[in-house]
Amino acid sequence: LCELAGVDALKATDGPLLNLGSRSDSPCRSLVKNDGSLVLIVNFVLPLARHYVSLAAYFIAPPENQLRGDLLKQRRMLSKFCSETDTVRDETMKIIPKIVEGPWVAKHALGSK
């Protein structure tokens, strides 16, 4: 349904970079079209010792009028998810990390659930 449009790694010293889509300097501004497409931003914030790093992935979903069947249902669910409050989105979307290949230490530090 969604196409990956870009990925950014951003560093901030004043605190975490949040609400990337509403920022005037947001890289996703160039992705926004007035055709009903939806831009979904998944922002992973990593707090480090002296600064924050945001790893932001930008996805684009096509307009509903270009979709049929299951893709249209999925797009409507995505629109509903995006229009929910932060609390509801946080309760709904869960990221489950998994290391497929890598050092033994990294695999065991992450766990295997």
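Rules and cut-offs
- Residues numbered from 1 in each chain as written.
- Predicted model: local features only at pLDDT ≥ 70, side-chain atom pairs only at ≥ 80, totals over all residues.
- Heavy atoms only, no water.
- Helix = DSSP H or I, 4+ residues; strand = E, 2+ residues; numbered from the N terminus.
- Buried < 20%, exposed > 50% of the residue type's maximum accessible area, 1.4 Å probe, protein only.
- Contact = heavy atoms within 4.5 Å.
- Areas by Shrake-Rupley, 256 points an atom, 1.4 Å probe, with all protein chains shown as cover.
- Lys, Arg positive; Asp, Glu negative; His and termini not counted.
- Charge placed at Lys NZ, Arg CZ, Asp CG, Glu CD.
- Pairing = 2+ DSSP bridges.
- 1 Å grid on protein atoms, 1.4 Å probe; cavity = no way out; pocket = protein on both sides within 12 Å on 5 of 7 lines; lining within 4 Å.
- Points joined across faces, edges and corners; volume = space filled by probe spheres on them.
- Nonpolar A, V, L, I, M, F, W, Y, C, P; charged D, E, K, R; others polar.
- Expected span 1.5 Å × (residues − 1).
- Axes fitted to C-alpha atoms, helices over the stretch in contact; angles between N-to-C directions.
- Salt bridge = Lys/Arg side-chain N within 4 Å of Asp/Glu carboxyl O.

## Considering the overall build of the protein
- On a plain count of helices and strands, the protein comes out with 3 helices and 3 strands.
- Burial statistics for the protein: of 113 residues in total, 21% are counted as buried.
- Taking the contacts inside the protein whose residues are at least 6 apart along the sequence as the reference set, 53% of them involve residues at least 24 apart.
- Surface summary for the protein: the accessible area is close to 8,600 Å², and the carbon and sulfur share equals 56%.
- Of the side-chain charges in the protein, 15 are positive and 12 negative, and the distance between the mean point of each set is 3 Å.

## Topic: the pairing of strand S2 (residues 38-47)
- Two strands pair when backbone bridges link them, and S2 and strand S3 (residues 52-61) are joined in this way by 10 bridges, in the antiparallel orientation. The residue bridging Ile 41 from the neighbouring strand is Tyr 58, located in S3.
- Turn length for the S2-S3 hairpin, with the two strands adjacent in sequence and antiparallel, is 4 residues.

## Quick look at the layout of surface pockets
- Its volume calculated, the largest pocket comes out at about 820 Å³.
- In this structure, the largest pocket is lined by 19 residues; those nearest its centre are Ile 41, Val 42, Asn 43, Asp 86 and Arg 89.
- For the lining of the largest pocket, the elements supplying multiple residues, two or more each, are S2, helix H1 (69-83) and helix H2 (86-92).
- Residues that form the lining of the largest pocket fall into these classes: 13 nonpolar, 3 polar and 3 charged.

## A short note on H1
- With 15 residues, H1 extends 22 Å from end C-alpha to end C-alpha; this agrees with the ideal 21 Å at 1.5 Å per step.
- Listing the buried residues of H1 in full gives Leu 72, Arg 75, Leu 78 and Phe 81.
- Looking at the buried positions of H1, the neighbouring elements they touch are S2, S3 and H2.

## Quick look at unusual backbone geometry
- With a phi close to 50 degrees, Asn 19 is a non-glycine residue in the positive phi region.
- Of note, Asn 19 is situated in the loop between strand S1 (3-12) and S2.
- When its relative accessible area of 57% is taken as the criterion, Asn 19 is described as exposed.

## Describing the sheet that holds S2
- If you walk across this open sheet you meet the 3 strands as S1-S3-S2, and the pairing is antiparallel. A single partner strand is all that each edge strand has here, and the edge strands are S1 and S2. Between one strand axis and the next, the sheet turns through 15 degrees on average, direction left out of account.
- Packing of H1 onto the sheet brings it into contact with S2 and S3, and relative to S2 it is tilted by some 50 degrees.

## Looking at the pattern of salt bridges
- Within this structure, the stated rule accounts for 4 salt bridges.
- A salt bridge links Glu 64 to Arg 75; the shortest N-O distance between them is 3.8 Å. Of this pair, Glu 64 sits in the loop between S3 and H1 while Arg 75 sits in helix H1, and the two are 11 residues apart along the sequence.
- Classification of Arg 75 by relative accessible area gives buried; the value is 4%.
- For Glu 64, the salt bridge identified is with Arg 76, shortest N-O distance 3.4 Å. Highlighted residues: Glu 64 in the loop between S3 and H1 and Arg 76 in helix H1, separated in sequence by 12 residues.
- Assessed through its relative accessible area of 30%, Glu 64 is described here as partly exposed.

In short, shape yes, function no, at least from these values alone.
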